[in-house]
Structures are given as structure tokens and as C-alpha cells.
Amino acid sequence: MALDQYREEEEEEGMSFLDHLEQLRWHLLRSVAAVLIFTVAAFLAKSIVFGKVILGPSRVDFVTYRLLCQIADALSTPVLCIDTLPFTIQSRQMTGQFSMHLTSSMVVGLIAAFPYLFYEVWKFISPGLYSKERQAARGAVFFVSLLFFMGASFGYFILAPLSINFLSNYQLDPSILNEFDITSYVTTLSMLVLASAIMFQLPVVIYFLSMSGLVTAAMLKAYRRHAIVSILILAAVITPPDVISQVLIAMPILVLYEAGIQIAKRLERKKEKQELEDRLKYQDDE
């Protein structure tokens, strides 16, 4: 086994810079091909992808709004029910609908192909890691993809509908009608979904930083207040200008930050245990 590992290291060291570039080129080509396949599929399924998925949060029969109305009935709190969305979506440019059809198809293709994209990235990076690092990062593709889709689902089913409801009901004066351009609507929806998906990667980032020794649980605890302020500022930047959206995206990120502290603690205990075992083994050998 040690011989096989030595041979693998020799092969990696023997690869030239051009060989690495060639590998990177093929990883990129396969990644682009995967995104294009899903993009074309989404483009052809216009009635489903655009008619139901993209425009779903703009209609009162969306699953989130119906669920809120059911909760409102159960709690006898009518204010929770969202049964009207006082806005219309328009296309004010000649190429508006076609360009948004392309854009939304690309976003859907990117989200659908994400597990494969990260698999290609991981396949390119992992040979450069030590065997212990590769073993510690087992399941990275699964957990990163899981968190990505959890974040995208949170953005689509919770953050986007509540943001759209707030922004559509916000009026400076009753005489001003909310008539949103299709470009603005699709851009806002895509931003909310992708931002949530990326922000949900926080535990993975903390895991790798902790594994490399760049951060510790004590450090994360000490800078908790700074982290809270940073998360709130970041939430304000990536969400529409309303407090509800900012709080909604900040709350799960704070929970994930606390989860990251627990992950760092667990890694530190595991490292201490491994160091103790190595020390005892060294003493026994002597």
C-alpha cells in the first residue's frame, strides 16, 4: 500500500505544467458540456421551467403562499395569509422575453449541473492532497451538493416569495403602480436563490479551514460578534433592500456558523486523539 502511494506521488511529481493544463482543460470542457446540456433541456422545457418554476413565486397559488394561508387559518391569524400580489410583470424591451428565457435557462442549467461541476473541480484538486487529507475530505462532493441544494431551496421557497411579497406591496403612494420588468424579476429571483446556495457552504468552508489549521473553535467563538455583523452586512448586500429578506437569510447563516464551531471542535478533538495515539505508539516503539 505504501508502495502504491509512493508510485502515485511519483506520477504526480512527474507530470509537467502542460500536463496539468491539459487535465484542467478537459475538466473545464466536461463542466461546460454538463451546463450546456442542462441549459438546453431547460430551454426546451419552457412551459415548465419558466411558466411554473421561474414565475411560480409571482403567483398566489405558489406552495409557500398556500402553506402560509393554511398556517394562518390554523392560528386564526389572517395577516399571515398572502392571497394577493399587487404587481404585474412586463417586458419593456423587444428582446426582453427571449433574453430572459436564455438567462433563466442558464441559471437552471448551472444549478442542476452543480454536483457534477464540483465533482470535476474536486477531481482536479484532490490528487494534490495528501492521503490523510483526501480521507478526511471523503464525501465532500455529496455534502457540498447537499448544502448547495438546501440553500437554493431556502432561497426559492422562503426567501424569494417573502421578498417578492414585501416588494410588491411596498408603495410610496397609492397612485404608483408596481409594474416590474421581466429582467428585474428574473435577476432578483436568481440572485436570491444563488446567494442562498453559496452562503449555505459556510460549514464546508469552516471545515477545510479548520482542517488546515487556519481557524480554531476558540477563534470562531472569539470573533462571533464580528461574524454576526459581517453576516448582516453581507445579507444586506446580496438581498433586496428590505429588512425581512436580510433577517431571513442571516438567521440560517448564523445557525450554520454555530454548526461550523461544533465542526471545528470535533476536528480538534480528533486531531488531539490522533496525536496522543501517535505519541503513545512512538513511546512503545522506543
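Since the model is a prediction, treat every value here as computed from it, not as a measurement.

**Digging into the UniProt feature "transmembrane region" (unreviewed entry) in the protein**
UniProt's feature table lists "transmembrane region" (unreviewed entry) at residues 32-55, 101-119, 140-162 and 182-210, given in the numbering used throughout. Between the first and last C-alpha atoms of residues 101-119 the distance is 28 Å; the span itself is 95% helix and 0% strand.

**Concerning the packing of aromatic side chains**
Describing an aromatic ring pair means giving the distance of the ring centres and the angle of the ring planes. Following the criterion strictly, the structure yields 16 aromatic pairs and no others. Judged by centre distance (6.0 Å) and plane angle (35 degrees), the rings of Tyr116 and Tyr119 are tilted. Remark: Tyr119 and Tyr116 occur in helix H6 (residues 114-125); sequence separation between them is three residues, near one turn of the helix. Residue classification places Tyr116 among the partly exposed residues on the basis of a relative accessible area of 31%. Between Phe118 and Trp122, the ring centres sit 6.4 Å apart and the planes meet at 15 degrees, which makes this aromatic pair stacked. One end of the pair is Phe118 and the other is Trp122, both in helix H6 and four residues apart, which spans about a single turn. Assigned by exposure class, Phe118 and Trp122 land together as buried. Ring pairs connect the aromatic residues Phe114, Phe118, Trp122, Phe148, Phe149, Tyr207 and Phe208, which therefore count as one cluster. Lying across the ring of Trp26, Arg25 places its NZ or CZ 5.1 Å from the centre.

**Focus: the state of the cysteines**
A complete count under the given rule lists one disulfide for this structure. Residue pairing for Cys69: its cysteine sulfur links by disulfide to Cys81, the two sulfurs lying 2.0 Å apart. On the sign convention where negative means left-handed, the S-S torsion of about 75 degrees between Cys69 and Cys81 marks this disulfide as right-handed. A residue pair is termed long-range when its members are at least 10 positions apart, and Cys69 in helix H4 (residues 63-75) and Cys81 in the loop between H4 and strand S1 (88-90) qualify at 12 residues.

**Describing the pattern of salt bridges**
Considering all chains together, one arrives at three salt bridges under this definition. Note that Arg92 and Glu179 form a salt bridge whose closest N and O atoms lie 3.9 Å from each other. Highlighted residues: Arg92 in the loop between S1 and helix H5 (96-112) and Glu179 in strand S2 (residues 179-181), separated in sequence by 87 residues. Given the relative accessible area of 35%, Glu179 is considered partly exposed. Note that Arg224 and Glu258 form a salt bridge whose closest N and O atoms lie 2.7 Å from each other. Taken as a pair, Arg224 in helix H12 (residues 224-238) and Glu258 in helix H13 (residues 243-285) lie far apart in primary sequence, 34 residues in all. You can call Arg224 partly exposed: its relative accessible area is 28%.

**Things to note about the packing of H4 against helix H8 (residues 140-169)**
One can describe the packing of H4 onto H8 by two numbers: an axis separation of 9 Å at closest approach and a directional angle of 80 degrees. Judged by the angle between their axes, H4 and H8 are roughly perpendicular. Between H4 and H8, the contacting residues are Val63, Thr64, Tyr65 and Leu68 on the first element and Phe157, Pro161, Leu162, Ile164 and Asn165 on the second. Of the residues that constitute the contact of H4 with H8, the class distribution is seven nonpolar, two polar and no charged.

**Looking at the nonpolar core**
Residues Ile54, Tyr185, Val186 and Leu189 are the most contacted members of the largest nonpolar core, which totals 45 residues. Ranked by the residues each element gives to this core, the list is headed by H8, at 10 residues. For Tyr185, the residues in contact, after removing those within four places along its chain, are Ile54, Leu55, Gly56, Pro57, Ser58, Ile89 and Ile164. The next biggest cluster of nonpolar side chains, apart from the first, holds seven residues, and it includes Ile206, Leu220, Tyr257 and Ile261.

About the cut-offs
Residues numbered from 1 in each chain as written. Predicted model: local features only at pLDDT ≥ 70, side-chain atom pairs only at ≥ 80, totals over all residues. Heavy atoms only, no water. UniProt positions renumbered as here; feature names shortened; annotations may be inferred. Helix = DSSP H or I, 4+ residues; strand = E, 2+ residues; numbered from the N terminus. Phe/Tyr/Trp six-rings, centres within 6.5 Å; stacked < 30°, edge-to-face > 60°. Buried < 20%, exposed > 50% of the residue type's maximum accessible area, 1.4 Å probe, protein only. Lys NZ or Arg CZ within 6 Å of the ring centre and 35° of its normal. Disulfide = S-S within 2.5 Å. Salt bridge = Lys/Arg side-chain N within 4 Å of Asp/Glu carboxyl O. Axes fitted to C-alpha atoms, helices over the stretch in contact; angles between N-to-C directions. Parallel < 35°, antiparallel > 145°, perpendicular 65-115°, else oblique. Contact = heavy atoms within 4.5 Å. Nonpolar A, V, L, I, M, F, W, Y, C, P; charged D, E, K, R; others polar. Core = buried A, V, L, I, M, F, W, Y, C linked by side-chain atoms within 4.5 Å.

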